[in-house]
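Given next are the chains, with one letter for each unit.
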Amino acid sequence: MEINKYLAYDIGGTNTRVIIFDDSNQILVEKIRPTIKTSKEAFINNIFLTTDELNVQMDEITAIGMGVPGVCDRQRGYIIDLPNVYVKDIPIRDIFYEKYHKPLYLRNDAEVAALGEAICGAGKGYNRVFFITISTGLGGALVIDEEVQDYVTEIGHTLFNYQGEYQEYEGLASGTGLVKLAKLNNLNIASSKELFDLIKKEDPLALKVKSEWLRILSKFLRMIQDSYLPEVITLTGGVMKSKDLFFEDLKEMNPDIHLVECGLGEYAGLIGAALFAKKEFYK
């Protein structure tokens, strides 16, 4: 019996990753390169270069799935805007078909990662799964009965009031947002890593920022729980590398919300993109 293979891309604000995935849910090979943000042409060429490094035989590929960190039109396979990559207006499906002659299925990166978690990860066995990633940005998506729901879009850009001004949750609660949050609380840091290093040392200002961050995250989680009624909320992203410093605290602050770490980790987006391509191709 022939096993189908899929190309899957996870385009992030930091890295561009690609895998070959098969029907037995196995990753056969993976490549990764830093995401290029200088222009649309350089951005696309970098994706092709990463693909070339797989030494893939395109006649063995059934379909292509791609998750991108921003707004896209999945019906047209069109990238509308990737705010953390500084590119927009890219007919990516047409560009890929011209080069590889394979169908490409495009979706927001949080949405495909949510699908991966719901089918193969920590959400397996639940009907309603909400996926959250806290990394360069802050994103999320809802999966019901192994189908991504279209009405949840760019939830990290939801506005809330903080210190008398409206802010986006992503602007203060993401990995990069923590730098801004710290500054608003009189702590100057260059990165979230620096903040967590200070937390380890029990620096008083850093501990205050942590407290504020967890309060904001809790407000974000409550909005999700009340709005979408998930049975489980799965969390992943670069910030979760420091989970030992905050995750138990976050769960204790939200005892009625079922919070778990993603089972697929950094592979949720890649596996989800492959599964999305497979589902769409065989519809």
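Here's the deal with the side chain of Asp-10
For Asp-10, the position within the fold is in strand β1 (residues 5-11). Ignoring any residue separated from it by four or fewer positions in sequence, one finds Asp-10 in contact with Asn-15, Thr-16, Arg-17, Gly-67, Asp-109, Glu-266, Gly-269 and Leu-270.

Comments concerning the pairing of strand β14 (residues 232-236)
Among the five residues that make up β14, five are buried, leaving the element largely enclosed by the rest of the structure. On β14, burial covers both faces: Val-232, Thr-234 and Thr-236 on one face and Ile-233 and Leu-235 on the other are all buried. Taken together, the five bridges between strand β9 (residues 128-134) and β14 define a ladder with parallel strand orientation. Along β14, the bridge assignment pairs Phe-130 with Ile-233.

Let's talk about the packing of aromatic side chains
Inspection of every chain in the model, using the stated rule, returns twelve aromatic pairs. Aromatic pair Phe-48 and Tyr-100: ring centres 5.6 Å apart, planes at 85 degrees, arrangement edge-to-face. Here Phe-48, found in helix α1 (residues 40-52), pairs with Tyr-100, found in helix α2 (residues 92-100); they are 52 residues apart in sequence, far enough to count as distant. One exposure class covers both Phe-48 and Tyr-100, and it is buried. Arranged with centres 4.2 Å apart and planes meeting at 10 degrees, the rings of Phe-160 and Tyr-169 form a pair that is stacked. When its relative accessible area of 5% is taken as the criterion, Phe-160 is described as buried. Through a chain of ring-to-ring contacts, the aromatic side chains of Tyr-9, Phe-48, Phe-96 and Tyr-100 assemble into a single cluster. Across the ring face of Tyr-78, the terminal group of Arg-76 is positioned such that the distance to the ring centre comes to 4.4 Å. In this structure, Lys-99 packs its charged tip against the face of Phe-48, placed 4.9 Å from the ring centre.

Rules used in this analysis
- Residues numbered from 1 in each chain as written.
- Predicted model: local features only at pLDDT ≥ 70, side-chain atom pairs only at ≥ 80, totals over all residues.
- Heavy atoms only, no water.
- Helix = DSSP H or I, 4+ residues; strand = E, 2+ residues; numbered from the N terminus.
- Contact = heavy atoms within 4.5 Å.
- Buried < 20%, exposed > 50% of the residue type's maximum accessible area, 1.4 Å probe, protein only.
- Pairing = 2+ DSSP bridges.
- Phe/Tyr/Trp six-rings, centres within 6.5 Å; stacked < 30°, edge-to-face > 60°.
- Lys NZ or Arg CZ within 6 Å of the ring centre and 35° of its normal.

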